[in-house]
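Secondary and tertiary structure notes
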Amino acid sequence: MPRVIVKTVFKDIRFQCQRCGSCCHHKRPLDFDDLVPMEQIKEFWQKSNLIYLTEKDVTAIAKETGKKAAEIVDTLFDYDGCYVKIRDNGCQLILDLPVMKSKEDTTCIFYKDRCSIYSVRPIACRLFPFRVEEETLTNGDILLNIDCNLTCPGIGKGKKVDKRKLEKLVVDQFLQRTEDINPHVQRLNASGAISKKARIFRTLPGR
Ligand code: SF4
Ligand code: SF4
């Protein structure tokens, strides 16, 4: 079993949300294709601002708002509860993870002067301005590197960030996503549908 290691890139940091709403605008950079290969994922994360949703997020928001999941999420392919697709005879493994839908002006569908679903806002929103880069180490362990988005005007203000709380949120998000993806990958693997040479892609939904 690979270990999951969490590392915070910064030492001490202060943060207090200034409610500017800028993280509720979802950037979808034009210089990427709909399928983003893993080799480009770091650059993609640096240039985009998408709110990735776990199944638990979608269920909580749907319950609170009375909306159907398909009204909340964007995926590149049809939203059918399975985010793992294969193409090209199993040589492409595509992770079409759901992201929060935006309005035409790129703001989140739940932004109305402020967040209208604050009590059930997704884990990705609770994490902002901190972001996580996932890396698989040569021994198979998974490293979750926590960095922060310095464009957020709340950085450097308010109280010192409680790193343990932050790390717990990051691990929760990782475990929820693993639960969402792994059963599908395992099923496809067991049926021999995924080629040993498969390249992995993430999608850029909702553009
Ligand atoms: S987290 Fe940062 S970017 Fe988002 S609303 Fe607060 S101050 Fe603005
Ligand atoms: S759910 Fe709330 S906090 Fe998250 S992007 Fe939408 S409006 Fe902003």
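Everything below is about the structure printed above this text.
Description of the structure in this document. (Residues numbered from 1 in each chain as written. Chains lettered and ligands numbered in written order. Predicted model: local features only at pLDDT ≥ 70, side-chain atom pairs only at ≥ 80, totals over all residues.)

Moving on, we come to the site of ligand 2. Near ligand 2, the surroundings consist of C24, I51, M100, C108, F110, Y111, C115, I117, R121, P122 and C125. Partitioned by chemical class, the residues of the shell around ligand 2 number ten nonpolar, no polar and one charged. (Near = placed C-beta within 6 Å. Nonpolar A, V, L, I, M, F, W, Y, C, P; charged D, E, K, R; others polar.)

Two pairing modes exist for strands in a sheet, parallel and antiparallel, and in both the strands are linked by backbone hydrogen bonds. Pairing is mixed in the open sheet, where four strands are placed in the order β3-β11-β6-β5. What marks the edges here is a single partner per strand, and that holds for β3 (35-37) and β5 (84-87). When strand polarity is set aside, the average angle formed by the axes of neighbouring strands in this sheet is 35°. Relative to strand β6 (residues 92-95), β5 runs antiparallel, the two being bridged by four bridges. Within the sheet, the bridge partner assigned to I86 lies in β6 and is L93. Taken strand by strand, helix α5 (residues 163-190) contacts β5 and β6, and its axis lies near 30° from that of β5. (Pairing = 2+ DSSP bridges. Helix = DSSP H or I, 4+ residues; strand = E, 2+ residues; numbered from the N terminus. Axes fitted to C-alpha atoms, helices over the stretch in contact; angles between N-to-C directions. Contact = placed C-beta atoms within 7 Å.)

This part takes up the sheet that holds strand β9 (residues 142-148). Within the open sheet, the three strands sit side by side as β1-β9-β8. Their pairing is mixed. The open sheet has two free edges, formed respectively by β1 (4-8) and β8 (130-136), since each of these has just one partner strand. When strand polarity is set aside, the average angle formed by the axes of neighbouring strands in this sheet is 25°. Bridge count between β1 and β9: five bridges; the pairing is parallel. Residue pairing in the sheet places V4 in a bridge with I142 of β9. Packed on one face of the sheet, α5 meets β1, β8 and β9 and runs near 140° to β1.

Moving on to the nonpolar core. If you look at the biggest cluster of nonpolar residues, it comprises 24 residues, and the most contacted ones within it are I51, L53, V73, V99, M100 and C108. Ignoring anything within four residues of it in the chain, the contact list for M100 reads H26, I51, L53, I72, V73, C108 and P122. Counting six residues, the second-largest nonpolar core is a separate cluster that includes V36, L93, I94 and L204. (Core = buried A, V, L, I, M, F, W, Y, C linked by C-beta atoms within 7 Å. Buried ≥ 20, exposed ≤ 12 C-beta atoms within 10 Å, placed from the backbone.)

Position of R199 relative to the elements: it lies in strand β11 (residues 199-203). For the pair R199 and K165, spaced 34 residues apart in sequence, the C-alpha separation works out to 34 Å. Not counting residues within four places of it along the chain, the set of residues in contact with R199 comprises P37, C91 and Q92.

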